[in-house]
Amino acid sequence: MTRYRGGGVGARERMHMIGVCTASLGSLGLMRFFGVPWSWSLAATLGVYIGSGGWRFLRIIFKTALRDLFGLSVLIRVKYELRKHQRTKNTIPKIFHDVVCRHPDKVALIYEASDEKWTFRQLDEYSNAVANFFYQQGFRLGDVIAIFMESRPEFVGLWLGMAKVGIEAALINFNLRLDSLVYCVTTSGAKAVIFGGELAAAISEVNGMLGKNMVKFCSGDFNPDSVPVETKYLDPLLSTALKSPPDQIAAKGLDGNIMGVGQCLIHGLTVVIRKKFSASRFWDDCTKYKCTIIQYIGEICRYLLNQPVREAEAQHHVRLAVGNGLRPTIWEDFTRRFRIKQIGEFYGATECNCSIANLDGKVGACGFNSRILPNVYPIRLVKVNEDTMELIRDSSGLCIPCCPGEPGLLVGRINQQDPLRRFDGYVNESATNKKIACNVFQKGDRAYLSGDVLVMDELGYMYFKDRSGDTFRWRGENVSTTEVEGILSHILSQTDVAVYGVEVPGVEGKAGMAAIADPKAKLSPNALYQELQKVLPPYARPIFLRLLPQVDTTGTFKIQKTRLQREGFDPHQTSDRLYFLDLKLGKYVPLDECLFERIRARKVAL
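This section reports on the structure supplied with the text.

Strand pairs in the sheet, formed through backbone hydrogen bonds, run parallel or antiparallel to each other. Here three strands make up an open sheet; going across it, the order is S2-S1-S8 and the pairing mixed. Each edge of the open sheet carries a strand with a single partner, namely strand S2 (116-119) and strand S8 (271-273). Across the sheet, the mean angle from the axis of one strand to that of its neighbour is 20°, orientation sign disregarded. As paired strands, strand S1 (residues 107-111) and S8 are joined by three bridges and run parallel to one another. Bridging from a neighbouring strand, Leu109 pairs with Val271 of S8. Relative to the sheet, helix H5 (residues 153-164) contacts S1, S2 and S8, its axis offset from that of S1 by approximately 135°.

Turning our eyes to something else, we now look at the pairing of strand S25 (residues 587-590). Bridging between strand S24 (residues 577-582) and S25 involves four bridges; their strand directions are antiparallel. Residue pairing in the sheet places Phe580 in a bridge with Val589 of S25. A loop of four residues connects S24 with S25, the two strands running antiparallel in sequence, and Gly586 in this loop sits at a positive phi of about 70°.

Let's shift gears to the packing of helix H3 (residues 92-102) against helix H4 (residues 120-136). With their axes 9 Å apart at the nearest point, H3 and H4 run at an angle of 140° to one another. As judged from the angle between their axes, H3 and H4 are oblique. Crossing angle aside, the handedness with which H3 passes H4 is left-handed. Where H3 approaches H4, its residues Phe96, Val99 and Val100 are matched on the opposing element by Phe120, Arg121, Leu123 and Asp124. Partitioning the contact of H3 with H4 into residue classes produces five nonpolar, no polar and two charged.

The next subject is the pattern of salt bridges. With the rule as written, the count across this model stands at 32 salt bridges. Here Arg152 ties to Glu154 by a salt bridge, and the two come within 3.5 Å at their closest N and O atoms. What makes Arg152 buried here is its relative accessible area of 9%. By relative accessible area, which is 18% here, Glu154 ends up buried. Ionic contacts of the salt-bridge type, sharing partners, join the residues Glu112, Arg274, Arg281, Asp284 and Asp285 into one network.

Procedures and definitions
Residues numbered from 1 in each chain as written. Predicted model: local features only at pLDDT ≥ 70, side-chain atom pairs only at ≥ 80, totals over all residues. Heavy atoms only, no water. Pairing = 2+ DSSP bridges. Helix = DSSP H or I, 4+ residues; strand = E, 2+ residues; numbered from the N terminus. Axes fitted to C-alpha atoms, helices over the stretch in contact; angles between N-to-C directions. Contact = heavy atoms within 4.5 Å. Parallel < 35°, antiparallel > 145°, perpendicular 65-115°, else oblique. Left-handed = near helix turned anticlockwise from the far one by under 90°. Nonpolar A, V, L, I, M, F, W, Y, C, P; charged D, E, K, R; others polar. Salt bridge = Lys/Arg side-chain N within 4 Å of Asp/Glu carboxyl O. Buried < 20%, exposed > 50% of the residue type's maximum accessible area, 1.4 Å probe, protein only.

Structure, rendered in structure tokens:
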């Protein structure tokens, strides 16, 4: 339901504040000219400032000063630590070595599937064996090896060991198959691939497409009959490798995985690893292993809310949930039901230079930027064309900042000398260039384009709105798929919902369509419509419904829409139940082949 307002508001706000300050200073000078005491002059000046609208800025200072000071202290501490590590040329492997020396026998990783526990000493020795083995095999600084396996301790040991000798690990999503798998492995420039035995069939399917020079190693369950002939069994090879630190220490370390497992490597925390996420076992695991912090992604929190109440919910010791993707519509339900004291929602990515975080528990916010000192952390929301998502510029060629309440593209000024603001790009140069814009804050600068639309309120809190491509235009309005999905899911008791725009012949824009998981065929489209009329404006109500057994999700629990968008509302493309919102009748009606053809022929009003 996002509305993108026109330009000029930011300029008016700035001009108003300049006028207020000018009037205030003018009154101060005038009163001093007539010999009025300083105390009276200052009081009168403050009165003019407040009466002219300055109270708004004073209110912002009053409400955000402590938050901003805390945020500034965090930023300073992070910068100090980074500078210290830069001066001493520290890398993640070196930091991990210090952790191992402090408590070698403390448990580093717990593998839930087998209750297996790895101490820091064991993880260090395993990663040393990885480093020594692959260096002995001829892999050197800058070489890439792809890792394709499900979550388990060896996964951590492999990329940590590679980093010790400067080999880069390309972490491949274990849900990928066929062309997608081949593309990711080959695009990474990997010279070898390490795959888990559980994924042998997936590798065998694409063996001929990976190239004859691709070296293959299998870790875990090894069956010679189910893997490509030239595959080497990695586990016995590592068991005979040297477990002492490698002679060749890399000058650079790791960039990703720091949010989760990275806390184990850097700060010595114990991390519990599960093979796959299980909503039904989640709180049992938290209780069993006495977890105090959990990490969530995508729709995990909604899946947990959708589970029946169980005893373990009241027995866990979790005090903080950190991650991204917690929808505002379920935020308070989640914290209340599971007694989570703090939510650490954040926005960011491995390559991102404009990461933000919710430090004070503001419901729905993924972070903030100071309204008092906005330049301390140079990120902005800037205006974009509502149809093309291209940057809108002013008469001088610079980007136009958004005012509070205006959705905009999040950007961060690039400074390659600052670890927090640098942007190293991707393997693909073209993809890198698309993420960089020039003359954004000022002439001659460069900024990273996040590709995501956020909105900032008056106090500087930022809220995620849309990812590029997740907004469509209907009836002259921009519809946010993220917002509509959240509302629909909330109405339907946290049911999986995918919202997207579909083209209708002869009609401008895209009509909204919602795919809803309804495995037991119990959903009443018209009961749903009665609820939608209460909470959604007419332009945001889905024109088409698709009720299906389940909605596809990605490996990170994000709703997958590609196939749904391709098939649209064509009954020839699916056997799922389809419905059309008949505005004359004021209800959803079954969409059969006859009605489909009438819509295509523009004989039905939308």
